[in-house]
Amino acid sequence: MSVHNNIRKVTTHQLHEMKTRGERISMLTAYDYSMAQIVDAAGIDVILVGDSASNVMAGHETTLPITLDQMIYHASSVVRGVDRALVVVDLPFGSYQGNSKEALTSTIRIMKESGAHAIKMEGGEEIIESIKRILTAGVPVMGHLGLTPQSIYKFGTYNVRAKEEAEAAKLLSDAKLLEEAGCFALVLEKIPAALAEQVTQSLNIPVIGIGAGGGVDGQVLVAHDLFGITQQFSPRFLRRYLNLYDDMKGAVQQYIADVKSRDFPNQNEQY
Ligand code: KIV
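Parameters at a glance
- Residues numbered from 1 in each chain as written.
- Predicted model: local features only at pLDDT ≥ 70, side-chain atom pairs only at ≥ 80, totals over all residues.
- Heavy atoms only, no water.
- Helix = DSSP H or I, 4+ residues; strand = E, 2+ residues; numbered from the N terminus.
- Buried < 20%, exposed > 50% of the residue type's maximum accessible area, 1.4 Å probe, protein only.
- Near = heavy atom within 4 Å.
- Polar contact = N/O pair within 3.5 Å; in protein donor to acceptor, adjacent residues only side chain to side chain.
- Areas by Shrake-Rupley, 256 points an atom, 1.4 Å probe, with all protein chains shown as cover.
- Nonpolar A, V, L, I, M, F, W, Y, C, P; charged D, E, K, R; others polar.
- Axes fitted to C-alpha atoms, helices over the stretch in contact; angles between N-to-C directions.
- Left-handed = near helix turned anticlockwise from the far one by under 90°.
- Contact = heavy atoms within 4.5 Å.
- Expected span 1.5 Å × (residues − 1).
- Core = buried A, V, L, I, M, F, W, Y, C linked by side-chain atoms within 4.5 Å.
- Salt bridge = Lys/Arg side-chain N within 4 Å of Asp/Glu carboxyl O.
- Parallel < 35°, antiparallel > 145°, perpendicular 65-115°, else oblique.
- Domains from an automatic or database assignment.
- Buried area = accessible area lost by both parts, 1.4 Å probe.

Student: For this particular structure, what's the right way to read unusual backbone geometry?
Tutor: Generally, phi is negative for residues other than glycine and the peptide bonds are trans, each holding for most cases. Residue proline 265 is reached from phenylalanine 264 by a cis peptide bond, and omega for that bond is -5°. By the secondary structure assignment, proline 265 is in the segment after α12 (244-260). Positive phi is not limited to glycine here, since arginine 262 has a value of about 65°. Assignment of secondary structure puts arginine 262 in the segment after α12. Arginine 262 gets classed as exposed once you look at its relative accessible area, which sits at 74%.

Structure (structure tokens):
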């Protein structure tokens with residue numbers, strides 16, 4: 001029997017064991033109670049309360065506008081819907097870049113006010129002091145390298161990162177720094193598959209990829225993309241398992257028609 005089926009509550013330690021055993025780790029986003037219940041009941045290992053909520057839930061163009069208060073609201077809703085998964089919350093842009101004290105204060109608010117189990121931060125060497133300070137306070141930290149959407153205005157595009165040798169070398173060295181500092185896992189976003197595999201093989205901590213190929217220890221997607229609720233976002237790495245946008249739109253159109261034609265409610269749907 002796989003580790004997956006035995007686990008009552010997923011811990012960072014169990015994720016490490018999964019890597020050791022070669023069992024792939026599954027991770028998906030959720031931003032609310034109902035979605036978290038579905039994803040958790042299905043047996044996902046890790047739920048990420050991503051700052052992609054800024055795009056998916058609030059309709060912003062980037063992840064930059066979402067606030068710490070809003071992330072705490074999303075995270076506490078998710079935590080109430082979860083029995084088994086490890087819940088990881090993104091530190092939003094502007095809540096940790098100032099200094100390590102600010103990073104710790106933001107983290108403590110997330111942990112106290114949402115009940116989540118870990119936090120995720122974008123960046124390598126430049127945020128290492130903050131990561132160390134948070135870890136000293138006993139909070140597990142997940143790193144995030146490659147395409148880091150909070151830096152979109154520095155990159156200028158959402159294209160694949162670290163294709164050039166210098167950027168690839170910096171990513172590899174940052175990944176090692178994050179592991180040495182004590183991060184329990186690392187997300188690699190939109191980088192060449194060969195580089196992601198090299199990073200994965202050179203680290204003992206689990207590496208979770210999004211658009212980083214199959215040579216990593218696990219995969220993460222935005223749940224709304226997987227369900228086909230979001231429509232405009234169609235990167236090569238995305239596999240859509242449903243087309244809920246069309247199904248939901250069709251259901252609403254049918255409801256409107258039923259109301260207009262007085263078919264709804266019928267005799268059995270009233271008191
Ligand atoms: O915010 C998010 O959803 C993420 C994933 C894409 C990894 O950071």
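Let us keep going from here.
Student: Help me out: how do you make sense of the site of the ligand in this one?
Tutor: The ligand sits among Thr29, Leu48, Gly50, Asp51, Ser52, Asp90, Lys120, His144, Ile210 and Val222. At 3.2 Å from an oxygen atom of the ligand is found a side-chain nitrogen or oxygen belonging to aspartate 90. Computed on the free molecule, the ligand has an accessible area of 260 Å², of which 94% lies beneath the protein chains in the complex. Grouping the amino acids of the shell around the ligand by side-chain chemistry returns three nonpolar, four polar and three charged.

Student: Can you help me understand the packing of helix α5 (residues 68-80) against helix α6 (residues 100-114) in this one?
Tutor: To describe two helices that pack against each other, one gives the angle between their axes and the distance between the axes. As a packed pair, α5 and α6 sit with axes 9 Å apart at the nearest point and diverge in direction by 35°. The handedness of the crossing between α5 and α6 comes out as right-handed. Listed contacts from α6 to Leu68, Asp69, Ile72, Ala75, Ser76 and Val79 of α5 are Ser106, Arg109, Ile110, Glu113 and Ser114. A class-by-class count of the residues in the contact of α5 with α6 yields five nonpolar, three polar and three charged.

Student: Just to check I follow, could you spell out helix α9 (residues 165-181) for this structure?
Tutor: Between its terminal C-alpha atoms α9 stretches 24 Å, which fits the 24 Å expected from 17 residues at 1.5 Å a residue. Buried residues of α9: Ala168, Leu171, Leu172, Asp174, Ala175, Leu178, Glu179 and Ala181, and no others. Each element contacted by the buried residues of α9 is listed here: α7 (128-136), β5 (141-146), β6 (185-189) and α10 (193-202). Of the residues trailing α9, glycine 182 is marked for its positive phi of about 120°.

Student: Help me out: how do you make sense of the side chain of glutamine 14 in this one?
Tutor: Relative to the elements of secondary structure, glutamine 14 occurs in helix α2 (residues 12-21). Apart from the residues lying within four places of it in its own chain, the contact partners of glutamine 14 are Ile7 and Lys9.

Student: So what exactly am I meant to see when it comes to the nonpolar core here?
Tutor: One recurring pattern in soluble globular proteins is that nonpolar side chains are buried together. The biggest cluster of nonpolar side chains holds 60 residues, and the ones touching the most others in it are Met121, Ile134, Leu186, Leu188 and Val199. Here leucine 188 is in contact with Leu145, Leu171, Ala196, Val199, Val207, Ile208, Gly209, Ile210 and Ala212, once residues within four sequence places are set aside.

Student: What am I meant to see in the pattern of salt bridges here?
Tutor: Close approach of charged atoms allows side chains of opposite charge to pair. In total, this model carries eight salt bridges according to the counting rule given. Among the ionic pairs, aspartate 90 bridges to lysine 120, the shortest N-O distance being 2.7 Å. Highlighted residues: aspartate 90 in strand β3 (residues 86-90) and lysine 120 in strand β4 (residues 118-122), separated in sequence by 30 residues. Lysine 120 matches aspartate 90 in its accessibility class, with the two residues each being buried. The partner of lysine 170 in a salt bridge is aspartate 174, and the shortest N-O contact between them spans 2.6 Å. Separated by four residues within a single helix, lysine 170 and aspartate 174 lie in helix α9, roughly one turn from each other. The class for lysine 170 is partly exposed, based on a relative accessible area of 37%. Salt bridges sharing common partners tie together Asp69, Arg109 and Glu113.

Student: In this structure, what is going on with the packing of α7 against α9? I would like to understand it.
Tutor: It is the contact of α7 with α9, at a shortest axis distance of 10 Å, that shows an interaxial angle of 25°. Overall, the two elements α7 and α9 adopt an arrangement that is roughly parallel. Pair α7 / α9 crosses with right-handed handedness. In contact with Ile128, Ile131, Lys132 and Leu135 of α7, α9 contributes Leu177, Leu178 and Ala181. Split by residue class, the contact of α7 with α9 holds six nonpolar, no polar and one charged.

Student: What is the right way to look at the domain arrangement of the protein in this model?
Tutor: Accessible area lost upon the coming together of the parts serves often as the stated size of an interface. For the protein, the assigned domains are domain 1 (3-240) and domain 2 (244-271). Put simply, the middle of domain 1 and the middle of domain 2, counted by C-alpha atoms, are 39 Å apart. With four residues of domain 1 in contact, the opposing surface of domain 2 contributes four residues. Taken as a group, Phe227, Ile229 and Gln231 account for 85% of the area that domain 1 buries against domain 2, more than any other trio of residues on that side. Between the two partners, domain 1 and domain 2, sit three residue pairs in polar contact (both at pLDDT 80 or more). Grouping the constituent residues of the side of domain 1 that touches domain 2 by class yields two nonpolar, two polar and no charged.

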